[in-house]
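# Observations on the three-dimensional arrangement
Now for the letters of each chain:
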Amino acid sequence: MKRREKFSVSILLAICTLLLGCLVSCQRTSIASEIALLPVPAEMEVHKGNFTLKDGMTIGYDMPELKPAADHLLSLLSVPTGYKFRTVEGKGDIRLALNQGEGVSGGYVLNITSEEVIVGGYGYGGVIAGISTLRQLLPPDMEAKTRVERETWELPCVSIMDKPRFEWRGLMLDVSRHFFSKEEVKELLDLMSLYKLNKFHWHLTDDQGWRIEIKKYPLLTQKGAWRRWNKHDRQCMKLAVSEDNQDFDIPVDKLYVMATDTVYGGFYTQDDIREIVSYAAVRGIDVIPEIDMPGHFLAAIGNYPGISCFEQADWGEQFSSPVCPGKEHALEFCKDVYKEVFELFPYEYVHIGGDEVEKNNWKKCPDCQRRMRENRLKDEKELHSWFIRHMEKFFNENGKQMIGWDEILEGGLSETATVMWWRTWQPNVVEETTLQGNNVICCPNAWFYLDYQQDEKSLKNIYEYAVLSEGMDVLQSTLVRGIQGNLWTERVPSYERLQYLVFPRLLAIAELAWSKPQRMNWDDFNSRMLSQLRRLNVLDVNYRIPDLEGFYHSNVFIDTGRVSVVCPDPSAMVRYTTDGTVPVSDSPEYVGMLSVARTTDFTFRTFRAGGEKEDIVRTRFIKQEYARATCPDTLAPGLKAVWHEYRGSSCREIPDAPVNGTYIIDDVFIPDGVRGNIGLVITGFMSVPKDDIYTFFLMSDDGSTLVMDDETVIDNDGAHSPREVVGQRALKAGYHPVEIRYFDYNGGLLELRVLDSAGNEVRGSRVYMH
Ligand code: ACM
Ligand code: ZN
């Protein structure tokens, strides 16, 4: 899989603002039952009684460095209550203190009695974490941006001792592919802080746009921050129409009329950057800039000739042409840029990128080849590593530590760089990095790429992700610094779309990053998450409502099909069509079970209480007869898997590609030794034990298809990230021919599960023959 080309429209969408109606109308049962802290704290006791906020109260802080935290809390509390609070040095009704003594950085204790509130944090970040807990102990209305009429504002009496599991709890935002304004970034930082995330990784430059002012090289933003529509913009505009979703429209405030052209873009001045960095700091968030190099650098190369290998620098076979590490002038350029970046970000860590580097030009470039000879580098991977180490030395001389994507392991990792693991198909990155004694941050794309399509499993998959593997020793686990969600924005033109992709997945990431595993429980998380959505409603966050339930991508029935759709939000409304059109506000409303007598295509769409439309969900109900079994005459155990050297993106084309090898396998998977350009055609027979409707779960990254008895059961084709498509087929007991096709370039994933109509896995009785 090549990440940049991944794309899957989130057609699977569901809705429901959950339990809203119910939760709102419930009488207060007990305070304890209303507490829905997320992330769940390490230890909490709930006592009788409340602390009531009153006009004129004071917020005290015991050290001058806590003044910004006190001001922050003051503004959080004053807006919705309309009360006048004051901050004071020393004791106050609400007291912020820096805890002395033992504790984990970022941890805090929060004691609320009817008399006072004390937040004691280990470090500034701990105080902020305590404030975010305090904030979540108040009703969701406290997030309102204007005064709310309410009789009292009460905090339950609690004692909480809490600390983070991981020190790195990150979110990455790509502002190159699409640009997000200073105000939008600040709003995102506010939301991060609410959920105790503390690292904002800012992907500031890439081929499609340069977003940070560099004084020495003004063209980087004068020209590099603006572009004519590119293919991503055009895709977004098409989606806005095909998905009837204005969140895919390119916002007009990102357009600029330049001479006779309308161009897209934007950038942050150095003052903007300073403003955002200090805004983040108040909220306990470090900002980690990434100026991606040596690849993903066209926005610079296109405007400053002489820093790439050849004058003609554009797209190579897979990625864009990189910087030329053979030219002194190019190295100086990179350092000059970073020199200004270092000044703007007062944190230890800076991210160099280092991913997806096209090395073909380096092979042909005399300067690169000379650099390799002089440094006895045996190949271009080592030249990449040389460049990264050269830059790392410069980082260190300037008091900075380097982070890079996991490609920096190839060709030799330095002793000090931190590796950010993103390529799920390189499963040994964590092991290799930690065995060398280096730090690693985990964001394997299959789980942590927030631009990937969401389905009913996305949240749970994140929540249950095992960050530390069982075989790790203590030292290795301490080198795993934490986790991060990443949002690449090729198809994310608007802040609304950004929110839709980030929430609620970020809540699962937040809890996985913060809470101790012994306190984590999926069902409990789910109910707290639903409760948090009420808070996000008040914050006006365009989150994605959890999935509609009750159907698969395709469903089979024999006589009459029953279409029973469940939406977790009773206040939301589900509308549908059966003619393939997108449901609109006067399409029929789904009010209860529907019966169908013939094959019918449904398109569902949930409308939130405020009328906002979620992504559409398509499903087919297919009338079928039980397919007759066949009697294959030559049977041998196993399936035949033929590996084709295939580089395209359609299962249909695979058989036309040259064959690399043939394997016999006993289940559906990528055979050992099959890697690189993979086109697999797996054939054989499958036996089923009884006449029944079987459900097939085909998971793949990239595309796959499943054909049985010459009928397509699942079409999971096309270049995409890990995605499961579920389909059904009515089968008579006995043997049925199967064919699974699959392709991927780079390494990926292929799995097939089969259930009978009672939900039993039929693996045990399943035999493949060829
Ligand atoms: C990446 O997704 N290329 C880090
Ligand atoms: Zn070169």
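Scroll up a little and you will see the structure.
First things first, this report covers the structure right here in the doc. (Residues numbered from 1 in each chain as written. Chains lettered and ligands numbered in written order. Predicted model: local features only at pLDDT ≥ 70, side-chain atom pairs only at ≥ 80, totals over all residues. Heavy atoms only, no water.)

### Topic: the overall build of the chain
The helix and strand inventory of the chain stands at 20 helices and 35 strands. Taking 770 residues into account, the globule formula puts the C-alpha radius of gyration at 27 Å, and the chain, at 28 Å, falls close to it. For the C-alpha atoms alone, the extent of the chain along its principal axes is close to 90 × 75 × 60 Å. Counting only residues that meet the buried cut, the chain has 60% of its 770 residues in that class. In the chain, the proportion of contacts linking residues at least 24 apart, taken out of those at least 6 apart, comes to 73%. Carbon and sulfur atoms provide 49% of the accessible area of the chain, an area that totals close to 30,900 Å². Counting 86 positive and 112 negative side-chain charges, the chain places the averaged centre of each group 1 Å from the other. (Helix = DSSP H or I, 4+ residues; strand = E, 2+ residues; numbered from the N terminus. Rg over C-alpha atoms; globule rule 2.2 N^0.38 Å. Buried < 20%, exposed > 50% of the residue type's maximum accessible area, 1.4 Å probe, protein only. Contact = heavy atoms within 4.5 Å. Areas by Shrake-Rupley, 256 points an atom, 1.4 Å probe, with all protein chains shown as cover. Lys, Arg positive; Asp, Glu negative; His and termini not counted. Charge placed at Lys NZ, Arg CZ, Asp CG, Glu CD.)

### Section: the packing of aromatic side chains
The final tally for this structure, using the stated rule, is 35 aromatic pairs. Pairing Tyr-304 with Phe-333 gives two aromatic rings, centres 5.5 Å apart and planes at 50 degrees, and the pair type is tilted. Pair noted here: Tyr-304 is in the loop between helix 9 (298-301) and helix 10 (328-344) and Phe-333 is in helix 10, with a separation of 29 residues, a long-range link. The exposure class of Tyr-304 is buried, given its relative accessible area of 15%. (Phe/Tyr/Trp six-rings, centres within 6.5 Å; stacked < 30°, edge-to-face > 60°.)

### So, the coordination of the zinc ion (ligand 2)
For the zinc ion (ligand 2), the full set of protein donor atoms is Cys-309 (SG), Cys-324 (SG), Cys-365 (SG) and Cys-368 (SG), and the range of their distances to it is 2.2 to 2.4 Å. In this structure, the zinc ion (ligand 2) is coordinated by four donor atoms arranged in tetrahedral fashion, with angles at the metal of 106 to 113 degrees. Each donor residue of the zinc ion (ligand 2) lies on one chain, and together they are spaced C-x14-C-x40-C-x2-C. On the criterion of sequence distance, the pair formed by Cys-324 in the loop between helix 9 and helix 10 and Cys-368 in helix 12 (residues 366-374) is long-range, its members being 44 residues apart. (Donors = N, O, S within 2.8 Å, 3.2 Å for Na, K, Ca; no water. Tetrahedral: all angles 85-135°; square planar, octahedral: opposite > 155°, others 65-115°.)

### Describing the sheet that holds strand 32 (residues 723-731)
With respect to topology, three strands assemble into an open sheet ordered 32-29-34, the strand pairing being antiparallel. Each edge of the sheet is formed by a strand with only one pairing partner; in this case those strands are strand 32 and strand 34 (749-755). Adjacent strand axes in the sheet meet at a mean angle of 20 degrees, parallel and antiparallel pairs treated alike. By the bridge criterion, nine bridges tie strand 29 (residues 692-701) to strand 32 in an arrangement that is antiparallel. If you follow Phe-696 over to strand 32, its bridge partner there is Gly-727. (Pairing = 2+ DSSP bridges. Axes fitted to C-alpha atoms, helices over the stretch in contact; angles between N-to-C directions.)

### Some words on the environment of Met-192
Summarising the element assignment, Met-192 is placed in helix 5 (residues 182-194). Considering only alpha carbons, one finds Met-192 and Gly-284, 92 residues apart in sequence, at a separation of 9.6 Å. Excluding residues within four positions of it along the chain, Met-192 makes contact with Leu-171, Leu-197, Lys-199, Phe-200 and Ile-285.

### Overview of helix 19 (residues 505-514)
Along an α-helix, a turn takes 3.6 residues, which lines up residues three or four apart on a common side. Among the ten residues of helix 19, ten are classified as buried, and the element is accordingly described as predominantly covered. What helix 19 keeps buried is the set Arg-505, Leu-506, Leu-507, Ala-508, Ile-509, Ala-510, Glu-511, Leu-512, Ala-513 and Trp-514.

### Describing the sheet that holds strand 22 (residues 573-577)
Spatial strand order, 20-25-24-22: four strands in an open sheet with mixed pairing. The strands lining the two open edges of the sheet, one partner per strand, are strand 20 (554-557) and strand 22. The average angle at which neighbouring strand axes cross in this sheet is 25 degrees, direction not considered. Bridging between strand 22 and strand 24 (residues 600-607) involves five bridges; their strand directions are antiparallel. Each bridged residue has a counterpart across the sheet, and for Thr-577 the counterpart in strand 24 is Thr-603.

### Thoughts on the pattern of salt bridges
Tallying each qualifying case throughout the model produces 44 salt bridges. The salt bridge partner of Asp-286 is Lys-199, with a shortest N-O separation of 2.9 Å. Of this pair, Asp-286 sits in strand 14 (residues 286-293) while Lys-199 sits in strand 9 (residues 199-206), and the two are 87 residues apart along the sequence. What makes Asp-286 partly exposed here is its relative accessible area of 23%. (Salt bridge = Lys/Arg side-chain N within 4 Å of Asp/Glu carboxyl O.)

### Topic: the pairing of strand 9
With eight of eight residues buried, strand 9 is to be regarded as a mostly interior element. By the bridge criterion, five bridges tie strand 8 (residues 168-174) to strand 9 in an arrangement that is parallel. Each bridged residue has a counterpart across the sheet, and for Gly-170 the counterpart in strand 9 is Lys-199. The parallel pair strand 8 and strand 9, bridged by helix 5, forms a crossover whose chirality is right-handed. As paired strands, strand 9 and strand 14 are joined by six bridges and run parallel to one another. Counterpart to His-203 in the pairing with strand 14 is Glu-290. The pairing of strand 9 with strand 10 (residues 209-210) spans two bridges and is antiparallel. (Right-handed = clockwise from strand over helix to strand, strands pointing away.)

### Section: a negative patch on the surface
Negative charge collects at one region of the surface, where Glu-187, Glu-496, Asp-540 and Glu-612 lie side by side. Here Glu-187 is to be found in helix 5. Overall, the relative accessible area of 31% leaves Glu-187 in the partly exposed class. (Patch = residues over 30% accessible without salt bridge, like charges linked within 9 Å, V, L, I, M, F, W, Y side chains within 5 Å.)

### Details of unusual backbone geometry
A cis amide bond links Leu-38 to the next residue, Pro-39, at an omega of 5 degrees. Mapped onto the elements of the fold, Pro-39 is located in the loop between helix 2 (31-34) and strand 1 (43-52). A cis amide bond links Asp-701 to the next residue, Asp-702, at an omega of 10 degrees. Tracing the chain through its elements places Asp-702 in the loop between strand 29 and strand 30 (704-708). Unlike most non-glycine residues, Lys-196 shows phi in positive territory, near 65 degrees. Note on placement: Lys-196 falls in the loop between helix 5 and strand 9. Exposure remark for Lys-196: the relative accessible area of 5% places this residue in the buried category. Despite not being glycine, Asp-710 shows a phi value in the positive range, around 65 degrees. By the secondary structure assignment, Asp-710 is in the loop between strand 30 and strand 31 (711-716).

### Focus on helix 10
Here helix 10 is 17 residues long and its end C-alpha atoms lie 25 Å apart, about the 24 Å a rise of 1.5 Å per residue gives. Of all the 17 residues making up helix 10, twelve are buried; the element is thus mostly covered by neighbouring parts of the structure. Within the sequence span of helix 10, burial applies to Ala-330, Leu-331, Phe-333, Cys-334, Lys-335, Asp-336, Val-337, Tyr-338, Glu-340, Val-341, Phe-342 and Leu-344. (Expected span 1.5 Å × (residues − 1).)

### What to know about the nonpolar core
The biggest cluster of nonpolar side chains holds 132 residues, and the ones touching the most others in it are Trp-202 and Tyr-338. The contacts of Trp-202, once residues within four sequence positions are left out, are Leu-173, Val-175, Val-185, Tyr-268, Ile-273, Ile-276, Val-287, Ile-288, Pro-289, Glu-290 and Phe-345. Counting residues in hydrophobic clusters, the runner-up holds 38 residues, among them Ala-69, Leu-77, Leu-110 and Val-117. (Core = buried A, V, L, I, M, F, W, Y, C linked by side-chain atoms within 4.5 Å.)

### Considering the pairing of strand 30
Within strand 30, five of the five residues are buried, leaving the element largely enclosed by the surrounding structure. Here strand 30 shows two buried faces, one formed by Ser-704, Leu-706 and Met-708 and the other by Thr-705 and Val-707. Of the pairings in the sheet, the one linking strand 30 to strand 31 comprises five bridges and is antiparallel in character. If you follow Val-707 over to strand 31, its bridge partner there is Thr-712. Following strand 30, the chain reverses through two residues before pairing antiparallel with strand 31; Asp-709 in that reversal takes a positive phi of roughly 50 degrees. In this structure, strand 30 lies alongside strand 33 (residues 734-745), joined through five bridges in antiparallel fashion. For Leu-706, the partnering residue across the bridge sits in strand 33 and is Ile-740.

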